[in-house]
Structure formats: C-alpha cells, structure tokens
Amino acid sequence: MKLQDIGEFGFIERIAPLGMIRPEGVVKGIGDDCAVIDMGGPDYLLVTTDLVVERVHFLKDLASPETIGAKAVTVNLSDIAACGGLPRDAFVSLAIPQDVELDWLDGLYRGMTACAREYGVNILGGDTTGSKTDIVINITLTGTVPRDRVLFRHTAMPGNVVVLTGPTGESGAGCEILLTGADLPQDVSSPLIRSHMEPRPHVTEGRLLAESGACTAGIDVSDGLSSDLGHLCHDSGVGAVIYEERLPISPDLMRAAAAMGKNPLEWILNGGEDYVLLAAIRADRLEGLSSIARAAGCALYPIGEFVDRKEMILRTRDGRDAVLASRGWDHFR
C-alpha cells in the first residue's frame, strides 16, 4: 500500500493513536485545527503548526518574498481563528538552499513580521537548516481561548445552521489564473489573484463566534469547502444540506468562470486556500449573531443546515439533490 492509496487524512488517522502517551491536560490532540491543552488557568493553550513548501505552496517567480512570508503566518493564524482563539507567539523554522539571496530572506521576514505584528504575535525563535532543493517554511503558533468558549470540529449538532464568514472559490480561481496564464481583464484577475496570494485570516470573526455562545463548532476552509465541511460532518457524526442559491459568489468569480469556460461551483466547493471560517450556529441565535457581526464589520453567510444523517447533499437551484463529495485538496492523492 502506498501513501496515495489512503491520502493525507487516512495517514493522519493511521498515526494519531501512536502519539498520545500522557493524556493529562490534553483536551484535544491530533485531528482538529489546533491542539488544545489545559494549563490549569482560565484559558486553554492552543498550538498549531503549518508547513509551506516551495513548488507545492508557492513559486518564487510568481510571488514576492514579503507575500510568501505573510501567507506563511496567515495559514497558522487561521487555525487559531477556527478555534475561536487569540494568537500569541510564533516560532519559525526554515530550510534554505544555498543559492537563496539574503535580500530574498530579508523580504520573507519583513512579510512574516508585518503580518505577525498586525495580529499581536511575537516571533520568539525557531530553527534554520540547509536544503538541497527547495525552501521550506514551518511556523508553530500558540494562542489562548477561554476554556468555555473553545470551538472544536466534533460538536456540530443536527439543526445547526451551516455558516461561512466569507465567500469561497476566489483563491482557487486566482491560483488557476496564475498557473494557466489565463488572459483575463486585469480588473477581473487582480482581485482573484490577490485572494490567493494575500488571504486574510478571520481572527476577528473567530473570536466573535466563540464569544457569542451561539457557535457550536468551527473549522477554517483551507482544503476546500466540500472537504472541510466533510471533516466537520465526519467528526461530529452529522450530515449537511447545502443550498446552491445561498453560496456567496463574487461578480469577479462569475466573470472569470465565464471567460475560462469553468463552472464556478468547482472553485467554490473544491478550490481551497480560502481561509474563511465554516461554523455551526444555533438556529435560534443566528439572527441576533448576524446583527452583532454586521455591527463589528463582519459578514455571515448561512448556506445550509446540519442534519441527522451521515451524508452531505447539495440542493441545486432547480431543487434537485446531488451528493456533495469531499473533493478539495489532499496532498497525497
């Protein structure tokens, strides 16, 4: 059997039981956006880590080092946001080929530190080593969250509303435009490419959801809406019905899809790297929470509901039900 036969998440399930030797204080280990650790105080400690690898996550000739550095921090901030946490301290490890210029590395750190400072994060250390081929960036980020407000993946309930904190698909479209060199008007392509290159972590939205008490579960949309909804449903033992007509779609995405002969749903459902949040909200609290979100300058998009059966359904605009398969990003398939 090869790694590609079980995929990234099959591999995670395979190794998860091997790591835990001392369960005391571990509220949540492998399988969520962050590890959640009880340190005995009023807040839980959150810990997450993410790798960013040249030629897998970025191409040096398509992005500035500042942009790459900021995105490397953003993907970690998004995990903290998914748990409703406040980001705290980061540790950066780099594997660097010999031919990388110091100016490029200076730019990388300018991008990382600018993003970190925006969200009140210290960069406290890390490690450096050589690489034979590509640049590898690994960031570990800590955060805190009140122990009665942490958001998990396994606690969505039937009847909860499926809510997004922003549109999906724009990053996937931007990535495809970059890789294919699609000839689109700049006013269409630029916002989509920016969505891919410069995502915003929804830290404010995550804090709002957690503090409201109306949110029962959350996850960030990094692998694609269909896959991350699948993780939430699997871990919570529920299903979901998603309504096509409720999915937020930007005019730029529609214009790009028309010009490139694409179905925009492919990007919206499976594109990945959106870094918005996907949440389960108590139905009787949705209206009040939406008002609070608007007052805070945030948006909530109700796109469906969680149901008491273990399948995901996409209800199309013409009322048909289609099975919604998890077809987002998997590194090993």
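Conventions used here
Residues numbered from 1 in each chain as written. Predicted model: local features only at pLDDT ≥ 70, side-chain atom pairs only at ≥ 80, totals over all residues. Heavy atoms only, no water. Helix = DSSP H or I, 4+ residues; strand = E, 2+ residues; numbered from the N terminus. Rg over C-alpha atoms; globule rule 2.2 N^0.38 Å. Buried < 20%, exposed > 50% of the residue type's maximum accessible area, 1.4 Å probe, protein only. Contact = heavy atoms within 4.5 Å. Lys, Arg positive; Asp, Glu negative; His and termini not counted. Charge placed at Lys NZ, Arg CZ, Asp CG, Glu CD. Polar contact = N/O pair within 3.5 Å; in protein donor to acceptor, adjacent residues only side chain to side chain. Pairing = 2+ DSSP bridges. Axes fitted to C-alpha atoms, helices over the stretch in contact; angles between N-to-C directions. Core = buried A, V, L, I, M, F, W, Y, C linked by side-chain atoms within 4.5 Å. 1 Å grid on protein atoms, 1.4 Å probe; cavity = no way out; pocket = protein on both sides within 12 Å on 5 of 7 lines; lining within 4 Å. Points joined across faces, edges and corners; volume = space filled by probe spheres on them. Nonpolar A, V, L, I, M, F, W, Y, C, P; charged D, E, K, R; others polar. Phe/Tyr/Trp six-rings, centres within 6.5 Å; stacked < 30°, edge-to-face > 60°. Lys NZ or Arg CZ within 6 Å of the ring centre and 35° of its normal.

Enquirer: Whenever I open this one, the overall build of the chain confuses me. Can you help?
Expert: Per the secondary structure count, the chain includes 10 helices and 13 strands. Taken over the C-alpha trace, the chain has a radius of gyration of 20 Å; the compact-globule value for 333 residues is 20 Å, and the two agree within 12%. Here the chain, with 333 residues, has 48% of them falling under the buried criterion. For the chain, restricting intrachain contacts to residue pairs at least 6 apart in sequence, the fraction spanning at least 24 positions comes to 83%. In the chain, 30 side chains carry a positive charge and 47 a negative one; their mean positions are 3 Å apart.

Enquirer: Would you explain the side chain of Arg-153 in this entry?
Expert: Mapping Arg-153 onto the fold places it in the loop between β6 (136-146) and β7 (161-164). Looking at Arg-153, its side chain comes within polar contact range of the side chain of Asp-33, at 3.2 Å.

Enquirer: Explanation requested: the sheet that holds β6 in the structure shown.
Expert: Strand order across the open sheet formed by 6 strands is β1-β2-β3-β6-β4-β5, with mixed pairing between neighbours. In this open sheet, the two strands that pair with only one neighbour each are β1 (26-28) and β5 (122-130). Recorded for the sheet is a direction-independent mean angle of 20 degrees between the axes of neighbouring strands. Alignment of strand β4 (residues 86-96) against β5, held across 8 bridges, turns out to be parallel. Note on β5: the bridge partner recorded for Ala-95 is Thr-129. The strands that helix α3 (residues 102-118) touches are β4, β5 and β6; relative to β4, the one it contacts most, it runs at about 170 degrees.

Enquirer: It is not clear to me how the side chain of Thr-168 should be interpreted in this structure. Could you clarify?
Expert: Counting through the fold element by element, Thr-168 comes out in the loop between β7 and α4 (170-180). On the basis of relative accessible area, Thr-168 is assigned to the buried category, the value being 2%. Only 2.7 Å separates the side chain of Thr-168 from the backbone oxygen of Ile-268, close enough to count as a polar contact.

Enquirer: When you look at the nonpolar core in this model, what are you seeing that I'm missing?
Expert: Side chains of a nonpolar character, in soluble globular proteins, are inclined to be buried together. Of all hydrophobic cores here, the largest spans 54 residues; its most connected members are Ile-137, Leu-209 and Ile-281. Broken down by element, the residue count for this core peaks at 8 residues, all from helix α2 (residues 65-82). For Ile-137, the residues in contact, after removing those within four places along its chain, are Asp-50, Leu-51, Val-52, Phe-58, Ile-68, Ala-72, Ser-93, Leu-94 and Leu-108. Judged by nonpolar contacts, the second largest core, of 34 residues, contains Ala-240, Ile-268, Leu-278 and Ala-280.

Enquirer: I would appreciate a short explanation of the layout of surface pockets in the present structure.
Expert: Where empty space is left can be seen by rolling a probe of water-molecule size over the atoms. Considered as a void within the structure, the second largest pocket measures approximately 260 Å³ in volume. What lines the second largest pocket is a set of 15 residues, among which Ser-195, Arg-200, His-202, Asp-274 and Val-276 lie closest to the centre. For the lining of the second largest pocket, the residue count by class is 5 nonpolar, 5 polar and 5 charged.

Enquirer: I would appreciate a short explanation of the sheet that holds strand β12 (residues 312-315) in the present structure.
Expert: What links the strands of a sheet is backbone hydrogen bonding, and the strands pair in either a parallel or an antiparallel sense. On the basis of which strands lie adjacent, the open sheet formed by 7 strands has the order β8-β10-β7-β11-β9-β12-β13 and mixed pairing. A single partner strand is all that each edge strand has here, and the edge strands are β8 (215-220) and β13 (321-323). Strand-to-strand twist in this sheet, taken as the mean axis angle between neighbours without regard to direction, amounts to 25 degrees. Two elements, β8 and strand β10 (residues 277-281), share 5 bridges in a ladder whose sense is antiparallel. By the bridge assignment, Ala-217 is partnered in β10 with Ala-280.

Enquirer: Would you take a moment to explain the environment of Asp-79 for this structure?
Expert: Position of Asp-79 among the secondary structure elements: in helix α2. Along the sequence, Asp-79 and Asn-160 sit 81 residues apart, while their C-alpha atoms lie 22 Å from each other. Ignoring any residue separated from it by four or fewer positions in sequence, one finds Asp-79 in contact with Asp-33, Cys-34, Thr-48, Asp-50 and Asp-220.

Enquirer: In this structure, what is going on with the packing of aromatic side chains? I would like to understand it.
Expert: Pairs of aromatic rings are described using the distance from one ring centre to the other and the angle between the two planes. Overall, the coordinates contain 0 aromatic pairs when judged by the stated rule. Sitting over the ring of Trp-104, Lys-60 keeps its end group 5.1 Å from the ring centre. The ring of Tyr-243 carries the charged tip of Arg-246 above its face, separated from the ring centre by 4.1 Å.

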